[in-house]
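Here is how the chains run, residue by residue.
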Amino acid sequence: MAVSSTKTSIPPEFADAARDETSLRRFLHGLPGVDQVGVEQRAAGLATRSIKKASKMWAIDMAISMVDLTTLEGADTAGKVRSLCAKARRPDPERPDVPHVAAVCVYPDMVETAVAEVTGTGVGVASVATAFPSGRSSMRIKIADTEMAVEAGATEIDMVIDRGAFLSGHYGQVFDEIRTIKHACGDAHLKVILETGELATYDNVRRASWLALLAGGDFIKTSTGKVSPAATLPVTHVMLQAVHDWHAATDELRGVKPAGGIRTTKDAIRYLVAVQEVAGPQWLDPQLFRFGASSLLNDLLMQRRTQLEGNYSGPDYVTVD
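Keep in mind that what you see is a predicted model, and the values were worked out from it rather than measured. (Residues numbered from 1 in each chain as written. Predicted model: local features only at pLDDT ≥ 70, side-chain atom pairs only at ≥ 80, totals over all residues. Heavy atoms only, no water.)

(A) Spatial organisation of the environment of valine 160. Tracing the sequence through the fold places valine 160 in strand β4 (residues 156-160). Overall, valine 160 belongs to the buried group, its relative accessible area being 0%. Spatially, the C-alpha atom of valine 160 lies 8.6 Å from that of lysine 191, the residues being 31 residues apart in sequence. Residues within four places of valine 160 in sequence aside, it is in contact with Ala129, Thr130, Ala131, Phe132, Pro133, Ser134, Gly135, Glu177, Ile193 and Thr224. (Helix = DSSP H or I, 4+ residues; strand = E, 2+ residues; numbered from the N terminus. Buried < 20%, exposed > 50% of the residue type's maximum accessible area, 1.4 Å probe, protein only. Contact = heavy atoms within 4.5 Å.)

(B) Main features of the pattern of salt bridges. Evaluated as defined, the whole model comprises 25 salt bridges. Salt-bridge contacts for arginine 95 lead to glutamate 309; the nearest nitrogen and oxygen are separated by 2.5 Å. Of this pair, arginine 95 sits in the loop between α4 (78-89) and β2 (103-106) while glutamate 309 is found in helix α12 (residues 296-309), placing the two residues 214 residues apart along the sequence. The class for arginine 95 is partly exposed, based on a relative accessible area of 23%. Judged by relative accessible area, glutamate 309 falls into the partly exposed class, the value being 37%. A salt bridge links glutamate 156 to lysine 191, with the shortest nitrogen-to-oxygen separation between them at 2.5 Å. Note that glutamate 156 is positioned in strand β4 and lysine 191 in strand β5 (residues 189-193), a separation of 35 residues in sequence. Looking at glutamate 156, the relative accessible area reads 9%, which means it is buried. (Salt bridge = Lys/Arg side-chain N within 4 Å of Asp/Glu carboxyl O.)

(C) Representation of unusual backbone geometry. Of note, the amide linkage connecting phenylalanine 132 to proline 133 takes the cis form, showing an omega dihedral of 0°. Positionally, proline 133 belongs in the loop between β3 (124-129) and α6 (139-151). Cis rather than trans, the peptide bond between serine 228 and proline 229 has omega equal to 0°. Inspection of the secondary structure puts proline 229 in the loop between β6 (219-221) and α10 (233-250).

(D) Spatial organisation of the packing of helix α1 (residues 21-29) against helix α9 (residues 202-215). Running from amino to carboxyl end, α1 crosses α9 at an angle of 130°, the nearest separation of the two axes being 9 Å. When the axes of α1 and α9 are compared, the pair comes out oblique. For the pair α1 and α9, the crossing hand works out as right-handed. Mapping the contact onto sequence places Leu24, Phe27, Leu28 and His29 in α1 and Arg207, Trp210, Leu211 and Leu214 in α9. (Axes fitted to C-alpha atoms, helices over the stretch in contact; angles between N-to-C directions. Parallel < 35°, antiparallel > 145°, perpendicular 65-115°, else oblique. Left-handed = near helix turned anticlockwise from the far one by under 90°.)

Here it is, written out as structure tokens:
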């Protein structure tokens, strides 16, 4: 059992589901409906779990190693990206035992700068693409956006789906777009952003998750971080269940990335509990679960120091983004 490769072939178990638009619609609308009350109650219940101090240290380090440290602002500069990469490599310069983060996430024109800073460190470079965050552009532009990032050295691409097409029921169009971008990624892994805050229902989140998995997405991601609500625990439960069920049917492991609004260590631990209980312990791995975040890392570092030193470390003790 391995993390999905760059192959875009559909597992034989689901070949018929993606044969044509009618088959795709029949498959997606044939998925079991999401019990809204049930998923929200379970998410709330798991969020109340407490963990012991030893487990908390492990959880903090695991969460740090799962962070995609992100800057996606119009005012981004090469200097800002270099500083972000320095923090990604050594999150707490005074404590070399702190793990590096999973990746830095930047716009395509900043990929080359990021690659120069993290090559050989184990930190990946993710780039948003496909006319992020709206996805409103031609396929020619979306492909060029992706290819530019990959040619600059991005190891991961975070694409956005066309939510207008999805909500209009044009599932085949969204499916074809994901497969096209997957091909353009080459060896880079593809994260498919569903923008769940715009999908309105849990049933739509489940359908979009399965659509992205069928089309070859290596990860399904909640949000761009530019739309509210962004990541929520119930939505992440639905997506974790999708990758769990996909693995049960195909033996392929695909990942999940909640992004936007996850700011505290308490939040991160709640998500890790959800990963353990909904998808399974195999997903407690940066190759299969990520946090799209910027401020989260600061709180994780402060809480880590608190666990080790016995007193709360304020923000003056870590670099603030």
